[in-house]
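# Structural overview for review
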Amino acid sequence: MLEEKYTGNGKVLLLAGGGRIYTDLAARFVRSERELEDIVASPYSRQIVKNILSSGHRAALEFDFFLFGVEGYSRVTEAQLVRKRLASYLIKSGRAELNGKRRFSVVYPREVAEFSAPVALPGGGTATLSGRDLADLTRQWYEAGLEAGLPEENLRYLKPQATEFKAIIGMNAHALLDWFAIRCCRNAQHEIRDLAWKMLRLCRQAAPDLFEGAGPNCVQLGYCPENSLQNARCKGRIITKDEAMAVLREHGRRESPPRDDEFEQE
């Protein structure tokens with residue numbers, strides 16, 4: 001039987017992360033002359049974390065790591081997710097032989113499941129099939145292949161991109177801020193944007209000092225770097241990078257410009 005799920009209903013659990021903030025410890029270590037034991041014993045400083053975030057020197061953020069459990073998302077989103085290279089992924093196997101016990105689960109938008117169109121049949125004639133019909137035909141073919149003794153690692157070649165994936169995801173705080181900047185944006189595909197916002201809400205609850213200013217680029221930077229590709233819902237509401245640079249250039253004309261030798265090393 002086909003197991004259907006719809007986009008927007010994926011589940012995200014925070015498995016680990018938060019609690020003690022190691023960004024604070026790492027930042028102290030770089031500049032302190034004290035013994036390491038004294039640094040570790042120091043009380044947590046929210047101000048140090050805020051200074052790290054505002055300075056843009058984010059290396060210390062890489063010592064705070066977060067683990068998430070994810071299910072109810074499609075392989076479409078998996079392909080976009082793993083483009084974030086500074087992360088760890090453990091994805092549930094699609095090739096392991098489960099002796100026919102694997103659920104044929106798909107995740108897709110409801111309108112795709114319900115949309116019907118005429119298709120030509122191999123033996124001639126036509127039939128009107130919905131997206132749900134196509135997914136179920138694939139399931140029937142897959143199960144027939146199992147009964148015929150074909151290995152699951154080969155049968156999966158014809159599974160749809162709507163196939164559900166489940167994963168454990170690990171990212172440090174630096175990587176998460178970069179990922180949220182892109183995937184929380186309104187230009188992101190709707191399913192991965194749903195995943196990103198659910199992860200961000202969990203991070204804000206677990207480590208509010210680290211993720212207080214997290215979100216899409218416009219939130220982190222104060223402007224939209226998409227420029228001409230800016231989402232239509234943001235036009236006129238959020239200044240673009242090009243517009244912000246024009247304001248800065250105009251302001252710079254009113255001030256005496258710095259000389260090149262001011263930036264040279266002595």
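What counts as what
- Residues numbered from 1 in each chain as written.
- Predicted model: local features only at pLDDT ≥ 70, side-chain atom pairs only at ≥ 80, totals over all residues.
- Heavy atoms only, no water.
- Phe/Tyr/Trp six-rings, centres within 6.5 Å; stacked < 30°, edge-to-face > 60°.
- Helix = DSSP H or I, 4+ residues; strand = E, 2+ residues; numbered from the N terminus.
- Buried < 20%, exposed > 50% of the residue type's maximum accessible area, 1.4 Å probe, protein only.
- Domains from an automatic or database assignment.
- Polar contact = N/O pair within 3.5 Å; in protein donor to acceptor, adjacent residues only side chain to side chain.
- Contact = heavy atoms within 4.5 Å.
- Pairing = 2+ DSSP bridges.

By the naming in an unreviewed UniProt entry, the protein chain is FAD-dependent thymidylate synthase, taken from Desulfovibrio porci.

A full pass over the atoms with the stated rule returns 5 aromatic pairs. A ring pair is formed by Phe104 and Tyr142, whose centres lie 5.6 Å apart and whose planes are at 65 degrees; its orientation type is edge-to-face. One end of the pair, Phe104, is in the loop between strand 4 (88-91) and strand 5 (105-108); the other, Tyr142, is in helix 6 (residues 131-147), and 38 residues separate them in sequence. Accessibility assignment for this pair places Phe104 and Tyr142 in one class, buried. When the centroid spacing of 6.2 Å and the interplanar angle of 70 degrees are considered together, the rings of Phe180 and Phe211 count as edge-to-face. Linking Phe180 in helix 8 (residues 173-183) with Phe211 in helix 10 (residues 208-211), this pair joins segments that are 31 residues apart in sequence.

With that settled, consider the domain arrangement of the protein chain. What the domain assignment lists for the protein chain is domain 1 (3-21 + 64-107 + 163-216) and domain 2 (222-255). One C-alpha centre belongs to domain 1, the other to domain 2, and the line joining them spans 31 Å.

Inspection of the secondary structure puts Ser105 in strand 5. Among the polar contacts listed, one links the side chain of Ser105 to the side chain of Glu164, at a separation of 2.7 Å. In this structure Ser105 touches Glu3, Lys5, Ala162, Thr163 and Glu164, once residues within four positions along its chain are discounted.

With that settled, the discussion passes to the pairing of strand 8 (residues 164-172). Both faces of the sheet carry side chains from a regular strand, because those side chains alternate between them. Strand 8 sits mainly inside the fold: 7 of its 9 residues count as buried. Relative to strand 8, strand 3 (residues 65-74) runs antiparallel, the two being bridged by 8 bridges. Looking at the pairing, Tyr73 lines up with Phe165 of strand 8. Relative to strand 8, strand 4 runs antiparallel, the two sharing 4 bridges. Across the sheet, the residue bridging to Ile91 is Ala167, located in strand 8.

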